[in-house]
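# Examining the three-dimensional arrangement
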Amino acid sequence: MVKKMVIAVISPAWGKDGMRVSGDVSPYLMLAALLFSMGLYVALTRKNAVVLLLAVEVMLLSSLIVFTALYHFGASNLGFLEHDFPGMPGVGAQIFALVILAVAAAEIAVGLAIVIALYRLKPDSNVDGFRTMKH
Amino acid sequence: MESIIVFFSLAFVTLLGLVMLMAFSRVLHMIFSATLTFIGLAAIFFVLGAPFLGVVQIIVYVGAVTILAVFSIMLTRHDTVDPTEKSLNLKKIAALIPPIGFFAVMYLAIARTPLFMSGSPQPPLSGKALGEVLFSPMYVLSFELMGVLLLGALIAAVFLAKE
Amino acid sequence: MAVQLIWILIGAPLVTLLLLTLFGRLLERVAAIVATLLMGVAWIASLYLLWYVRFHGAVVTPELPWLVLGDRVFSLSFWASMLGTWMSVIVTTISLLVHIYSIGYMHKDARIVRYYQYLALFTGAMLALVLSPNLIMFYIFWELVGAASFLLIGFDTERPAARQAALKAFLVTRFGDIGLFIGIIYAYHVFGHLDIETIRSAFLNGTVGSDVATVLSLLLFLGAMGKSGQFPLHVWLPDAMEGPTPVSALIHAATMVAAGVYLVALMFPVFEASPFALLFVTWIGSITALMAAILAVVQTDMKKVLAYSTVSQLGYMMTALGLGSVEAAMYHLTTHAFFKALLFLSAGAVFALTGTYNLERMGGLYRQRPVLGTVFLIGTLALVGLPPLSGYFSKERILGQAFASGSFAGWILLITVFLTAFYMGRLFGLTFLGQTRGEQQGFVPRSMQWTLYGLVFITLLTSVLELDMSQLYSTFLGMRAVHSGTMWVAPVAVLLSLFALIWSYVIFVRGSLYCLMTDRRRVVYKILKERFFIDAFYEKAVIAVAMFLGRLSLWLDRYIVEGLVYASAYTAKGIGWVASRLNNGHIQRYTYLAAIFIVFLLVWILFL
């Protein structure tokens, strides 16, 4: 049960029995995976708070590529994203992409505000300077 | 044929941005490399038939996020050079595991996914059409919630950042 | 060709405003000249336009689509009708004269550039108002005129009395504007568009019911009541005298207050379709005329006498409209504009001479300045309505119309004629005749003198024209001749006026007879001094309620709305505090752990 939910959430490429697409969608999916991984690396390695936030943004954007690519290549059978409008199948993917963008924008705004607020507390801009939330 | 050229050039630009992000030592350079990535991404959106999304991407990321990042950098005293740079230490090697692992998993997933070639490519979704969809009873609620979310983010950001 | 005239006409004040705004500091010394020259251009354009429209019919400028709502388009254009062009001539003429006058009057003022900016704003808005083809533009410029009036009344920003007077003017007219606004919305609801000519013809053809007409005309009239100072919205006009005298001449004698009359005249087919509305207008007009005339008798400030006189004469115009005669009203509007401006500007000259407007500190000016005295006398007699001056003809038409239709208004207006002569006689007598009570030094600047001469000329011109070619006014404005069954009215009115003049002379200059109304010890005087307690009523009742509502809203905003904001912020903070206890140390380590976990999760799900 959990497995099914997780699949549905994290792996848009997996509908009930595969995707119907035209043309070659996999390069784009690969690009998205690559972007995500590289962003993840940067997020784990760099110490500057702002760069960290930017890397997280890149990770979020990579998911947008996936949605948009799936929409473009005529992906039907998208599961929960499948809601069709006449003449525009799979448009839910774009809507979802837009929502993710909005969420990412909101998140980075708040994130940067936190960075600035933290800086006031302690004039250090590296993330490993803040260890005070220990239990 | 040309779509391959287009794809590779855009992908190259995007990844170049990320690679430069990893390569540079000065934080400001890193931010602008990220901007390059954003631009490449916006181009990809345009190619993939989401012009509205591409425009929003440019406005929000290249425009707002970049500026925000630059301002944050300017407001916080930063070491111009990120200290972890020169040393190849355990942390960096250990940090390679999740990205490589993730990518490996994804690669296998994508390669093995049965993708039937029977759909048809979608035309680019114009802003007008997107608007009509967005305001339909199906999605208008999410639209409104997005607005509330952005409002909340705005209030929170202001509240956090003020004296 | 005529279209360019319209653009010149509207553009000249706009250019003035722009120049003064951008280059005000550079142009300071010549600002007055620049503004006056441009207003001269506008004046010539208006005269030319009037000539053109008279012989070629109305002119419309090309439409500019401005606001598109679905399939409804509101467009901007300007419409030079006969009525509108006539008004624009009046406006530009008096504005030009005021500009010239102000060169002398405002010479010492440091904010002279600002003054001319406001004048340009006002004149431009007023011109655009009378040239508006649809009700939306009309309303926009109506409001703009009100705003300019506010700025000009309160020009002396250091004096609290001026600021309060400006605020009072704005608020009272705003109240009337509510009616106008609702009326416009209602018209849109009924017609689906706001084109004035189309609405007029709809009413003229009788295709609209009389209840629609009643509602619409009453709403519109509310706006006219505000701007034109009809009872009970007249209270702002006397206080508006706090503004500089040229401003009083321009705005509160000749042009802005005439906007209400213009509105009724413009939308007259609407009123005509509703007998009830016409009756209402007649009642309000005549009550206003009478009441203001009564109050004018006890004023001790020159400008206040003239202000109440304006209110009274506006009442005349409204009554004329209510009785069905647009022509008589517009005729009186024209003549009144000129001689009232003359009177106000002469009062300004008196101020330049004596340093005061207080009647109790003047007297015997005629001996010192007979020319000024004559000028003022001409204005006075024109207002009172003695032949052969212009006021006689216009008042005669109104009175004739009143008695011809057998209305009660005729008698009220006749009493008012008497009172008009009475208070004007008092004004003239206390200022120019009798013993000298104050000091008279000072001089009248050249520009002011020339303006006065110009106005005298125009007043006499309008009189002469009527006398000589009584058909000229009629044909020019397309007016009907006065009814001939009421020939007895005019001579009676003249006799009453003469009698009142003599009586006022005896009372106030000689002090021989006793006047009940001005005796300070009597109750009558106290009531009149308190302006029939109307102002006091407004202050206690209306303002108190408004202040109460304001404080209530403030409390709501401060404690409830802001309280909610704070509550949500503190809630977030609290949740954050709770969540923070679940984490500790380096965040990158946790990111790392999360990433590893996700990778393993993926592997497990996808491949195992």
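Nothing here was measured: the structure is a model prediction, and the numbers come from that model.

## Some details on the overall build of chain B
The helix and strand inventory of chain B stands at six helices and one strand. When the 163 residues of chain B are sorted by exposure, 33% land in the buried category. In chain B, of all internal contacts separated by at least 6 residues, the share reaching a separation of at least 24 is 54%.

## Digging into the overall build of chain C
Within chain C, the secondary structure is distributed over 25 helices and four strands. Taking the contacts inside chain C whose residues are at least 6 apart along the sequence as the reference set, 80% of them involve residues at least 24 apart.

## Focus on the interface of chain C and chain B
The interface of chain C with chain B comprises nine residues on the first partner and nine residues on the second. At the level of elements, α24 (534–580) and α25 (587–607) of chain C are the ones that each hand at least two residues to the side of chain C that touches chain B. Element by element, the count of residues in the side of chain C that touches chain B is highest for α25 of chain C, at seven residues. The residue makeup of the side of chain C that touches chain B, split by class, is nine nonpolar, no polar and no charged.

## What about helix α11 (residues 256–266) of chain C?
Taken across its 11 residues, α11 of chain C has 11 buried, putting it largely inside the fold. Buried within α11 of chain C are the following residues: M256, V257, A258, A259, G260, V261, Y262, L263, V264, A265 and L266 of chain C.

## A short note on the interface of chain A and chain B
Quoted interface sizes are often the accessible area lost when the parts come together. Contacts between chain A and chain B engage 71 residues on the former and 71 residues on the latter. Of all elements in the fold, only β1 (19–20), α2 (26–45), α3 (49–72) and α4 (92–121) of chain A reach the threshold of two or more residues within the side of chain A that touches chain B. Top contributing element to the side of chain A that touches chain B by residue count: α4 of chain A, with 20 residues. For the side of chain A that touches chain B, the per-class residue count stands at 51 nonpolar, 16 polar and four charged.

## Some thoughts on the nonpolar core
Within the largest apolar cluster, 197 residues are counted, with the highest numbers of intra-cluster contacts made by V261, V264 and A341 of chain C. If you tally residues by element for this core, the top one is helix α15 (residues 326–354) of chain C, at 18 residues. If we skip the residues at most four places from it in the chain, A341 of chain C touches I94, L97, A249, A253, A254 and L455 of chain C. Core analysis: the next-biggest nonpolar cluster, separate from the first, contains 90 residues, A104 of chain A together with I44, A50 and I110 of chain B among them.

## Overview of the confidence of the model for chain C
Within chain C, residue pLDDT values average 81, and 89% of them lie at 70 or more. Here residues 468–473 of chain C is a poorly scored stretch, pLDDT under 50, and it has five contacts once near neighbours within four places are set aside; other chains count.

## Quick look at the pairing of strand β2 (residues 64–69) of chain C
Residue and element names in this part refer to chain C. With zero of its six residues buried, β2 lies for the most part at the surface. Pairing between β2 and strand β3 (residues 72–76): five bridges, direction antiparallel. If you follow L67 over to β3, its bridge partner there is F74.

## Points about the packing of helix α14 (residues 302–322) of chain C against helix α19 (residues 409–432) of chain C
Residues and elements named next belong to chain C. Viewed as axis vectors pointing N to C, α14 and α19 meet at an angle of 160 degrees, and their least axial separation amounts to 11 Å. Of the possible angle classes, the one that applies to α14 and α19 is roughly antiparallel. The element α14 and its partner α19 pack so that their crossing is left-handed. Residues M302, V305, S312, Y316 and T319 of α14 lie in contact with α19, whose contacting residues are A409, L413, T416, T420, Y423, L427 and T431. When its residues are assigned to classes, the contact of α14 with α19 shows seven nonpolar, five polar and no charged.

## Considering the packing of α4 of chain A against helix α3 (residues 51–75) of chain B
In contact at an axis separation of 10 Å, α4 of chain A and α3 of chain B are set at 10 degrees when each is read in the N-to-C sense. The angle between the axes of α4 of chain A and α3 of chain B places the two elements in the roughly parallel class. Contact residues: Q94, A97, L98, L101, A105, I108, A109, L112, V115, I116 and Y119 of chain A in α4 of chain A; L53, V56, Q57, V60, V65, L68, S72 and L75 of chain B in α3 of chain B. Of the residues in the contact of α4 of chain A with α3 of chain B, the class split is 16 nonpolar, three polar and no charged.

## Quick word on the environment of E28 of chain C
All names here are of chain C. The topology assignment puts E28 in the loop between α1 (2–23) and α2 (31–56). Taking the number of C-beta atoms within 10 Å as the measure of exposure, E28 has 13 and is therefore partly exposed. In the structure, E28 is positioned 86 residues away from R114 in sequence and 9.8 Å away in space, judged by C-alpha atoms.

Thresholds applied
- Counting from 1, residues in each chain are numbered in the order their sequence is written.
- In the order they appear in the text, chains get letters beginning with A and ligands get numbers beginning with 1.
- Local features are withheld for residues below a pLDDT of 70 in this predicted model, meaning they are given only at 70 or higher, and side-chain atom pairs are given and counted only at 80 or more; totals for whole chains, interfaces and linings count all residues.
- In this description a helix means any DSSP run of H or I spanning at least four residues, a strand means any run of E spanning at least two, and both kinds are numbered starting from the N terminus.
- Every C-beta atom is placed from the backbone, and the number of other C-beta atoms within 10 Å of a residue's own sets its class: buried at 20 or more, exposed at 12 or fewer, partly exposed in between.
- Here, residues touch in the contact sense if the C-beta positions derived from the backbone fall within 7 Å of one another.
- Polar here means any residue outside two lists: the nonpolar Ala, Val, Leu, Ile, Met, Phe, Trp, Tyr, Cys and Pro, and the charged Asp, Glu, Lys and Arg; Gly therefore counts as polar.
- Buried Ala, Val, Leu, Ile, Met, Phe, Trp, Tyr and Cys residues form a nonpolar core when they are connected through C-beta atoms within 7 Å.
- Confidence of the predictor at the level of single residues is given by pLDDT, which spans 0 to 100.
- Pairing between strands is defined by DSSP: at least two bridges between the two strands are required.
- For helices, the fitted line uses only the C-alpha atoms of the stretch in contact; every axis is such a line through C-alpha atoms, and the angle between N-to-C directions lies from 0 to 180 degrees.
- Roughly parallel means an angle under 35 degrees; roughly antiparallel means over 145; roughly perpendicular covers 65 to 115; every other angle is labelled oblique.
- In this scheme the crossing of two helices becomes right-handed for a clockwise turn of the near helix relative to the far one and left-handed for an anticlockwise turn of less than a right angle.

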